[in-house]
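Per-entry structural report
The primary structure of each chain is shown beneath.
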Amino acid sequence: MAMFKTRDIVTAIEIGTSKICVLVGEVGEDGRVSIIGRGVAPSAGSVVKGEVESVENAFDRLGQALEDADRSSNRELGNTGLVAIAVTGCGAESYQGVGTVFIKSDDHKVSARDIADAHENAKVQILEPGREIINSSESYFLLDGRRVRHPLNQNAAKLDAHVHIVHALTTRMDNFRSLARESGFEDSMTEVVFSPLADECGIVSDEERENGVLLIDIGAGTSEFLVEYNSGILCSGVLQIGFEHVANDLSIGLNLPIELCRKLLEDGSVNHMFHDRLDHLDVPDKGGRIRRIPAGSFDTVIDARLRELYEVVRARIAEANVSIAPESVGVLTGGGALLERSSELFRDVFDMSCRIGQPIEPGGAVTGIESPRYSTVWGALRAAAYFNRTYGASQDGVSRVINAVDGLLSRTRRSLENLKGSIKV
Amino acid sequence: MEESEKKVVTLLALGGAGCRILNAISGDPALSGIRLAAADTDSESLKNSGAPEADRLLAGGVWRHGRGCGGNPIDGQRAFSHERGNLEKLLTGADFLFVIAGLGGGAASGGAPVVLSVARRMNLPVFFVVTMPFSLEGHTRRRTAEECVANELVGLADAVIPLPNDLLFSVLEPNTPLTEAYALSDVEAGRTVVAMARLLAAGNLMSADFADLSSVLRRRKCLCSVGVGVARREDGGAETGMQALEKMLASPLLGGAGKLRSADAVMFTLLGGPELSLGEAKQVFELAGRQVSPETSLVVGAAVHEAWRGMLQLSAVTVKYDIESAPGSDVAARSATRPAPVRRHKGAAVQEAAESGDLLQPSLFELFTRGIMEQTTRTTWRGEDLDVPAFRRRGMAIDTGETVSGK
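Quick caveat: nothing in here was measured; it's all calculated off a predicted structure.

Brief notes about the overall build of chain B
Looking only at helices and strands, one finds 16 helices and 13 strands in chain B. Within the span of chain B, comprising 407 residues, buried residues form 55% of the whole. At a minimum sequence separation of 6, the contacts of chain B that also span at least 24 residues come to 78%. Accessible surface computed for chain B: about 17100 Å², of which carbon and sulfur atoms make up 52%.

What about the overall build of chain A?
From N to C terminus, chain A includes 12 helices and 19 strands. Residue burial in chain A is summarised as follows: out of 425 residues, 57% are buried. Taking as baseline every contact in chain A between residues at least 6 positions apart, the subset at least 24 positions apart corresponds to 67%. Element-wise, carbon and sulfur atoms account for 49% of the exposed surface of chain A, whose accessible area totals about 17700 Å².

Points about the nonpolar core
Residues and elements named next belong to chain A. Formed by 65 residues in total, the largest nonpolar core has its most connected members in Val10, Ile13, Ile15, Leu62, Ile134, Phe185 and Leu381. Setting aside anything within four residues of it in sequence, one finds Leu381 in contact with Val10, Thr11, Ala12, Leu23, Val24, Gly25, Val33 and Ile35. Among the nonpolar cores identified, the runner-up in size contains 54 residues, and Ala247, Phe274, Val283 and Phe350 belong to it.

Notes on the packing of aromatic side chains
Applying the stated criterion to the full structure yields 5 aromatic pairs over all chains. Ring centres of A:Tyr386 and A:Phe387 lie 6.1 Å apart, and the angle between their planes is 50°; this geometry places the pair in the tilted category. Across this residue pair, the class does not change: A:Tyr386 and A:Phe387 are buried. Centroid distance B:Phe98 to B:Phe127: 5.7 Å. Interplanar angle 50°. Geometry classified as tilted.

Description of the sheet that holds strand 3 (residues 33–42) of chain A
All names here are of chain A. Read from one edge to the other, the open sheet built from 5 strands follows the order 3-2-1-6-11, with strand pairing classed as mixed. Of all strands in the sheet, those bounded by a partner on one side alone are strand 3 and strand 11 (190–194). With strand direction ignored, the average angle separating the axes of adjacent strands in the sheet is 20°. Sheet topology places strand 1 (residues 9–15) next to strand 6 (residues 83–87); 4 bridges connect them, and they run parallel. The residue bridging Glu14 from the neighbouring strand is Ala86, located in strand 6. Along the sheet, helix 3 (residues 170–182) makes contact with strand 1, strand 6 and strand 11, crossing strand 6 at roughly 145°. The strands that helix 4 (residues 195–203) touches are strand 6 and strand 11; relative to strand 11, the one it contacts most, it runs at about 90°.

Points about the pattern of salt bridges
For the structure shown, the criterion picks out 50 salt bridges over all chains. Across the pair A:Lys123 and A:Glu120 runs a salt bridge, and its minimum N-O distance is 3.3 Å. Classification of A:Glu120 by relative accessible area gives partly exposed; the value is 29%. For A:Asp206, the salt bridge goes to A:Arg209, with nearest N and O atoms at 2.7 Å. Taken together, the positions of A:Asp206 and A:Arg209, both in helix 5 (residues 206–211) and 3 residues apart, correspond to about one turn of that helix. For A:Arg209, a relative accessible area of 5% puts it in the buried group. Sharing partners across several salt bridges, the network here consists of A:Asp249, A:Arg305, A:Glu308, B:Glu384, B:Arg393 and B:Arg394.

Details of the sheet that holds strand 13 (residues 223–229) of chain A
Residue and element names in this part refer to chain A. Pairing within the open sheet is mixed, and its 5 strands lie in the order 14-13-12-17-18. The two strands at the open ends of the sheet, each matched to only one other strand, are strand 14 (232–239) and strand 18 (354–356). Going across the sheet, the axis of each strand differs from the next one's by a mean of 15°, ignoring polarity. Of the strand pairs in this sheet, strand 17 (residues 329–333) and strand 18 are connected by 3 bridges, and their pairing is parallel. Bridge pairing in strand 18 places Gly330 opposite Cys354. Where helix 9 (residues 295–319) meets the sheet, it contacts strand 12 (213–218), strand 13, strand 14 and strand 17, and its direction lies at approximately 135° from that of strand 14.

Some remarks on the confidence of the model for chain B
Should pLDDT be low for a region, the predicted coordinates there are not to be read in detail. Residue and element names in this part refer to chain B. Of all residues in chain B, 78% have pLDDT values of 70 or greater, and the mean over the chain is 75. Element-level pLDDT for chain B is lowest in helix 14 (residues 331–337), with a mean of 32, against a maximum mean of 91 in strand 2 (residues 35–40). Across residues 202–208, where pLDDT falls below 50, the model places 24 contacts with residues more than four positions away in sequence or in other chains. Scored below 50 in pLDDT, residues 324–366 shows 75 contacts in the model against residues more than four places distant or in partner chains. Scored as a complex, the prediction yields pTM 0.57 and ipTM 0.85.

Here's the deal with the interface of chain A and chain B
Contact with chain A, which involves 34 residues of that partner, is made by 37 residues of chain B. Each partner contributes to the roughly 2900 Å² buried at the junction of chain A and chain B, and carbon and sulfur atoms together form 61% of this total. When the area that chain A buries against chain B is broken down by residue, the three leading residues are A:Ile252, A:Arg289 and A:Glu308, summing to 19%. A salt bridge links A:Glu308 to B:Arg394, with the nearest nitrogen and oxygen atoms 2.7 Å apart. If you look at where chain A meets chain B, you find 18 residue pairs in polar contact (both at pLDDT 80 or more). Sort the elements by how many residues they give to the side of chain A that touches chain B and helix 9 of chain A lands first, with 10 residues. Sheet topology places strand 16 (residues 290–294) of chain A next to strand 13 (residues 402–405) of chain B; 3 bridges connect them, and they run antiparallel.

What about the environment of B:Thr140?
Within the element layout of this structure, B:Thr140 appears in helix 7 (residues 139–153). In the structure, B:Thr140 is positioned 244 residues away from B:Glu384 in sequence and 9.7 Å away in space, judged by C-alpha atoms.

As for the packing of helix 9 of chain A against helix 10 (residues 340–350) of chain A
Residue and element names in this part refer to chain A. Running from N to C, helix 9 and helix 10 point in directions that differ by 50°, and their axes come no closer than 10 Å. Looking at the two axes, helix 9 sits oblique to helix 10. Note that helix 9 runs across helix 10; the crossing there is right-handed. Residues Asp299, Ile302, Asp303, Leu306, Arg307, Tyr310, Glu311, Val313 and Arg314 of helix 9 form the contact with helix 10, whose participating residues are Arg341, Ser342, Leu345, Phe346, Asp348, Val349 and Phe350. Tallied by class, residues from the contact of helix 9 with helix 10 come to 8 nonpolar, 1 polar and 7 charged.

What about helix 6 (residues 243–254) of chain A?
In a regular helix each residue adds 1.5 Å, so 12 residues correspond to 16 Å; helix 6 of chain A covers 16 Å between its end C-alpha atoms and thus fits that length. On its buried face, helix 6 of chain A is in contact with strand 12, helix 7 (258–266), strand 16, helix 9 and helix 10 of chain A together with helix 16 (390–393) of chain B. Residue A:Asn255 follows helix 6 of chain A closely and has a positive phi angle near 55°.

Analysis parameters
- Residues numbered from 1 in each chain as written.
- Chains lettered and ligands numbered in written order.
- Predicted model: local features only at pLDDT ≥ 70, side-chain atom pairs only at ≥ 80, totals over all residues.
- Heavy atoms only, no water.
- Helix = DSSP H or I, 4+ residues; strand = E, 2+ residues; numbered from the N terminus.
- Buried < 20%, exposed > 50% of the residue type's maximum accessible area, 1.4 Å probe, protein only.
- Contact = heavy atoms within 4.5 Å.
- Areas by Shrake-Rupley, 256 points an atom, 1.4 Å probe, with all protein chains shown as cover.
- Core = buried A, V, L, I, M, F, W, Y, C linked by side-chain atoms within 4.5 Å.
- Phe/Tyr/Trp six-rings, centres within 6.5 Å; stacked < 30°, edge-to-face > 60°.
- Pairing = 2+ DSSP bridges.
- Axes fitted to C-alpha atoms, helices over the stretch in contact; angles between N-to-C directions.
- Salt bridge = Lys/Arg side-chain N within 4 Å of Asp/Glu carboxyl O.
- pLDDT = per-residue confidence, 0-100.
- Buried area = accessible area lost by both parts, 1.4 Å probe.
- Polar contact = N/O pair within 3.5 Å; in protein donor to acceptor, adjacent residues only side chain to side chain.
- Parallel < 35°, antiparallel > 145°, perpendicular 65-115°, else oblique.
- Left-handed = near helix turned anticlockwise from the far one by under 90°.
- Nonpolar A, V, L, I, M, F, W, Y, C, P; charged D, E, K, R; others polar.
- Expected span 1.5 Å × (residues − 1).

Here's what the structure looks like:
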């Protein structure tokens, strides 16, 4: 008799300014996810600066991407468990909350419940009306004032959880959620993941998490950033400046059509010019003529824009009262990372080393996502795999601590209730 | 060698920054024979301006008590409007008026239009050399400064030479304290003024008819930039002229050598010590002239002064006419052409210039264009509109290149 083992399927969706993509993955025994299907469709103006501008248009594009993903996964999309949606913009902001719990159990051992409660208590800051928490992530714990990473089963009278909390505007978030809903995914099975947190899941190494990392994702419409140290996220955010701004600046500065500027940036012409130290670039001009533009002009325009972008990120991190640990390394990702000048300027502005982050060995039959453009959706898929498992399982490769509100937590509570008294983790 | 008639040049420092700049250069012997004057709403600043007491004008002294106008251009204008009579007295006897000011605050931005109107009434040619605030000083100051230039000065003054402080960033270390940055701005502006005023005043080696340039500039809306390069003979030897040229081209306020190539008119001024020979001057001008396109009107002038012994200073003032202004356009027409902003950047005149492959000089109207971000919700940060190209907000000039083949 054939025994059918149901596959553990999860899905990730990213609705971005330049593209909408869907990844379908299968979660293996060990918790690792491998890609079994993929669909990408150009956003074609339905998303601007990271936010849904035209719901109808975005819906159609998403539909296309979903269909492609379904087909390439051999129709497994319908069997999906959790769906993670990477979100950005939406007025997302973050803060560090602290939640306290007194350990009441007789043996004074910290239980999983205590940790969950402390985490919950950290969400104290009253948000402005119209805002909701979308993600929270444990940065570190204090046990009777002593800093620890794994408080479970340790002895203490008091547990403080320092939690990184991301909140955003509900109405803007609803745009993303309704797109998923209309596409056939129930609310109870979708979770949102703030893009930089998805990036962290997808491309940051454990070593980087420990020693400190500054991650910047330069997308088409937005750029996201994240600072992590000692495996705790300290700061994250988004600014609505992206690679489109670089193209726009070139278009205005050099009086070239925007399409041509996008092309020059993407097809490697600009990279080639800088790399080989050419002193000009010949571009097609009106009337079939050729215009010779000095390399310095590209330099000036791109430099000014990217430097400013990095400076704004730096200022935002400072505003959050976070300092970047001296041993930190930089990780640059997103489409903007493909321009060599981006990482050069990163090193210059932040005075730290910088590597280009992209999904590595994503596994699975479907390839073609080994590019910084796919870091976010890949990270969202890994997050989906994590969320999909019932809480209480051991760590997997994913950052162990991203939690979503309500959905996961209530599931957690329920399962904890059931397992009370017999937890051994 | 011709001796041209001595012209009485008056240098008027307007506002706090203007007075500071004047103070920095008032000791320069190259300014001997040039009348120095200062006008401000702040009595302290006037005292420290370096202008002789008889030539200081405290505007709004009675009701502001000499304590300035708090950075408010409306108050500044009000204060100066009460002083028209005194301004006229101050400027009597001058053949040329240079006004040096730092725009963005109250006295200079508010007082400039008043000074201009008094000068015009007296038929006095007036050149404004004004510094434009650093972007980091905030959106309000920038706006005040830009509006003053665009709405009040350009097209009415004989020449307006804006010196965007932001251009200085290219020569400043990132951690430079603000006071140093301001000091550098003062020095660059001061050098410019000294070079131009000196040339005007007397002692031309060659006939540089400023009146020619002036009549060409008058009433024509134009954009100017200035570059100044100083070289020492002990460093350069026979190459001193070349070095001065190179430094001038690299001068942050010039905005790049492309400015020379694309200008409608350029004025080169060479200042040197008594050892400066006609031959050397000609050689320097020849070299400098190669940076300029054949269609450009060129005005050259040189002056010698004992104070410049062992040094050579080459400065260039580039002038580009606003392509939309017709010669002799008057104020009424000017108001009509002032735009509801930025849609115009695709206008016919701009298209034409683009087609001919010429360098496109942004008109002041285009300063705030956001291109494809036009219809999007603005992304702002600390008062700045980040959708406007970064290079534009920093006042950087871009060389758009030239056509290299017909087909």
